[in-house]
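# Survey of secondary and tertiary structure
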Amino acid sequence: MINLLKIEWLKIKSYTGFILLASFFAVGVVASNYIVYIFKRNVLDQVEASKLIFSGSPFDFEMVWKTVTYYSSYFLILPALLLVILMANEFNYKTHRQNIIDGLSRYDFLKVKLAIALVFALGSTLIVIITALVFGATSGSSFSVNGFENVGYFFLKASTYNIIAILIALLTKKSGVAIALFFIYTIFENGVSLLLFFLAVKIKKDNHHDFGNLGNYLPMNASDGLLTSPFDQFSGMTRDIIPSDNNKLVLACAIVYIIIFYYWSKIKMMRSDL
Amino acid sequence: MVILCIENLTKNYKAVKALDSVSFSVPAKTVFGILGPNGSGKTTLLGIVMDVIKASGGTYNWAGNSGEANDFRKKIGTLLETPNFYHYLSAEKNLQIAAKIKGRGEADIEKVLKIVNLYERKNSKFNTFSLGMKQRLAIASALLGDPDILVFDEPTNGLDPAGIAEIRELIKKLYIGGKTIIMASHILDEVEKVCTHVAIIQKGILKSVGSVSDLMNLSTVSTNILIELSATDNTALKNILQQLDGVLSITAFGNDLHINCIESITGEKLNRFCFENGISLNKLHVKRTTLETRFLEITGKQSDK
């Protein structure tokens, strides 16, 4: 595997798109959290009413884990986009064929792409951990690992996005189509997720059955749903209307989806003409 | 020793049969040409044995290594269909990737780039290369690690005449050096010039296979000589030629006459005979039976469209 990763690194390190998107991600993570930090300090903290609702700093330990992972997760589209491009490039340049011809097994080819998806997820998570540590430290609070499970959820979300990116590139084999499909699917799933959320609210209201937010059982939203906004102080007031988080089931769904996508990618790679 | 053994290889693309139960063996240390018109299934066949296309039926094995044989493929230098490289990387970096996949050191990179005359451009990005240069880089990649088996699919595609001659010479040198070369081509002249063995495929069906010399000898016209000639008065020339022993047939072809005759009739003999009968020739071209003649006998004269 180390040799396979070295080969991938040779392909990636000189690719301008990698340098650009990785930089955008890192800058985006820091900048988005900084904007929230400034907004809280300069706007919310200046209004008496909001001070009552949004008490405490979202960047104090242990809230900082929740805050930073939540806002940073919006940028996970960037490493996923990079993976779509890198994978689709292989099909576009037909280098996937050449790699196999030169002696890589079909499974090795897929395995190292999935490994890179994990490496990207780990790299993204590492950037988020460092960002959270810096914001937490500058807030003046004392260090705490309480709430660190949010980092785990962030890693899970990054992994889900990345494996979906690889699967879409594998299915479409064309960079333009793959990128378009990736965005269309993201929008489509969020739309369906919203409808399912309303359905869950209606079911809870009419029949008093709480199945949780049904939208969170969809592939991308399963991992999205685990990361919640630090400003969810209203949740207590809406508990009677809004379906429960049902985090354990959502977590199980997210893991099951990753397993399904892995086997789907494997079957596609092993059985198709390249 | 058999390097590649193919048995009943079949590939269907829905209703289209790209390969229909093709079987043959490639002996070691030969230049084995796979000859066929465009769309005859040559690339499909090579794609299957290189595991980038899945066969609908049949089997193949590389020197007894059955199935996918990933590790064995690392010992084969292959150029399949088009040069496939990372466009944003230099020639040298592309070869580094190929060398790493093959499990070979990078020491060979300089040598193979020099063989294909690309050493000076080793730092140029692949997307700045001309078609011919891309093709030469693909050949360089195939030569990495000095493999004993080489698979070339249309190796002279996109090369200029000098490049074509160089690659043909290279293939001959590799053959003399004891390598086994499997080469798909639709260019008869190319196969005839460099191959020792040939398999002729048409519409996915194996039409003939064997050594080039055996294939020529099997020809119904192969022991004969074709001579193209003309004179000011072709009618008189035809009458004279009909009197010459050994002339089997005379056909008018544009401004020329094509005669099919036995091997003992040489150009000199024919020229003297015509002169002695009062006819001066203004064209005399002796042609032996070529692979082209044999190919057309086997596949028919219409292209596969």
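Structure: above.
Please read all numbers here as calculations on a predicted model, not as lab measurements.

Reading the values: rules and limits
- Residues numbered from 1 in each chain as written.
- Chains lettered and ligands numbered in written order.
- Predicted model: local features only at pLDDT ≥ 70, side-chain atom pairs only at ≥ 80, totals over all residues.
- Heavy atoms only, no water.
- Helix = DSSP H or I, 4+ residues; strand = E, 2+ residues; numbered from the N terminus.
- Contact = heavy atoms within 4.5 Å.
- Areas by Shrake-Rupley, 256 points an atom, 1.4 Å probe, with all protein chains shown as cover.
- Lys, Arg positive; Asp, Glu negative; His and termini not counted.
- Charge placed at Lys NZ, Arg CZ, Asp CG, Glu CD.
- Phe/Tyr/Trp six-rings, centres within 6.5 Å; stacked < 30°, edge-to-face > 60°.
- Lys NZ or Arg CZ within 6 Å of the ring centre and 35° of its normal.
- Polar contact = N/O pair within 3.5 Å; in protein donor to acceptor, adjacent residues only side chain to side chain.
- Salt bridge = Lys/Arg side-chain N within 4 Å of Asp/Glu carboxyl O.
- Buried < 20%, exposed > 50% of the residue type's maximum accessible area, 1.4 Å probe, protein only.
- Axes fitted to C-alpha atoms, helices over the stretch in contact; angles between N-to-C directions.
- Parallel < 35°, antiparallel > 145°, perpendicular 65-115°, else oblique.
- Left-handed = near helix turned anticlockwise from the far one by under 90°.
- Nonpolar A, V, L, I, M, F, W, Y, C, P; charged D, E, K, R; others polar.
- Pairing = 2+ DSSP bridges.

Per the secondary structure count, chain A includes 11 helices and zero strands. In chain A, the succession of helices and strands from N to C terminus is α-α-α-α-α-α-α-α-α-α-α. Taking the principal axes of the C-alpha coordinates as reference, chain A spans close to 65 × 50 × 30 Å. Within chain A, contacts between residues at least 6 apart in sequence are counted, and of these 83% link residues at least 24 apart. When the accessible surface of chain A is split by element, carbon and sulfur atoms take 70% of a total near 12,800 Å². Charged side chains in chain A number 23 positive and 17 negative. The centres of these two groups are separated by 10 Å.

Our next topic: the packing of aromatic side chains. This structure, assessed with the given rule, holds 24 aromatic pairs over all chains. With 5.6 Å between their ring centres and 75° between their planes, A:Tyr37 and A:Phe59 make a pair best called edge-to-face. Of this pair, A:Tyr37 sits in helix H2 (residues 16-42) while A:Phe59 sits in the loop between helix H3 (48-53) and helix H4 (63-72), and the two are 22 residues apart along the sequence. Directly above the ring of A:Tyr107 sits A:Lys266, whose terminal nitrogen or CZ lies 4.7 Å from the centroid. Sitting over the face of the ring of B:Tyr119, B:Lys114 holds its NZ or CZ atom 4.7 Å from the ring centroid.

With that settled, consider the side chain of B:Ser124. Residues and elements named next belong to chain B. Relative to the assigned elements, Ser-124 resides in the loop between helix H4 (108-115) and helix H5 (131-143). Among the polar contacts made by the side chain of Ser-124, one reaches the side chain of Arg-121 at a distance of 2.8 Å. If we skip the residues at most four places from it in the chain, Ser-124 touches Leu-89, Ser-90, Ala-91 and Phe-129.

Now for the pattern of salt bridges. In total, this model carries 21 salt bridges over all chains according to the counting rule given. We note a salt bridge from B:Arg272 to B:Glu268, for which the minimum N-O separation is 3.7 Å. One end of the pair is B:Arg272 and the other is B:Glu268, both in helix H10 (residues 267-276) and four residues apart, which spans about a single turn. For B:Arg272, a relative accessible area of 44% gives the class partly exposed. For B:Glu268, a relative accessible area of 59% corresponds to the exposed category. Each of A:Glu8, A:Lys11, A:Glu90 and A:Lys113 takes part in salt bridges that share partners, so that together they form one network.

Here we come to the packing of H4(A) against helix H7 (residues 106-138) of chain A. Residue and element names in this part refer to chain A. It is the contact of H4 with H7, at a shortest axis distance of 9 Å, that shows an interaxial angle of 135°. Comparing the axis directions of H4 and H7 gives the class oblique. Pair H4 / H7 crosses with right-handed handedness. Of the residues in H7, those touching H4 at Val-64, Trp-65, Val-68, Thr-69 and Ser-72 are Val-128, Ile-129, Thr-131, Ala-132, Leu-133, Phe-135 and Gly-136. When grouped by side-chain class, the residues that make up the contact of H4 with H7 number eight nonpolar, four polar and no charged.

On to the sheet that holds strand S7 (residues 149-153) of chain B, then. All names here are of chain B. One open sheet holds the six strands; their spatial order is S6-S7-S8-S3-S9-S10, and the pairing between them is mixed. What marks the edges here is a single partner per strand, and that holds for strand S6 (76-79) and strand S10 (205-211). Averaged over neighbouring strand pairs, the angle between their axes works out to 10° when direction is ignored. Here strand S3 (residues 31-35) runs beside strand S9 (residues 197-202); their pairing, made up of four bridges, is parallel.

It is worth spelling out the environment of B:Ile265 at this point. Residues and elements named next belong to chain B. Within the element layout of this structure, Ile-265 appears in the loop between strand S13 (256-262) and H10. With 19 residues separating them in the primary sequence, Ile-265 and Gly-246 have C-alpha atoms 7.1 Å apart. Those residues in contact with Ile-265 that sit more than four places away from it in its chain are Ile-227, Leu-244, Asp-245, Gly-246, Val-247 and Leu-270.

Remember, this is a structural readout, not a statement about activity or role.
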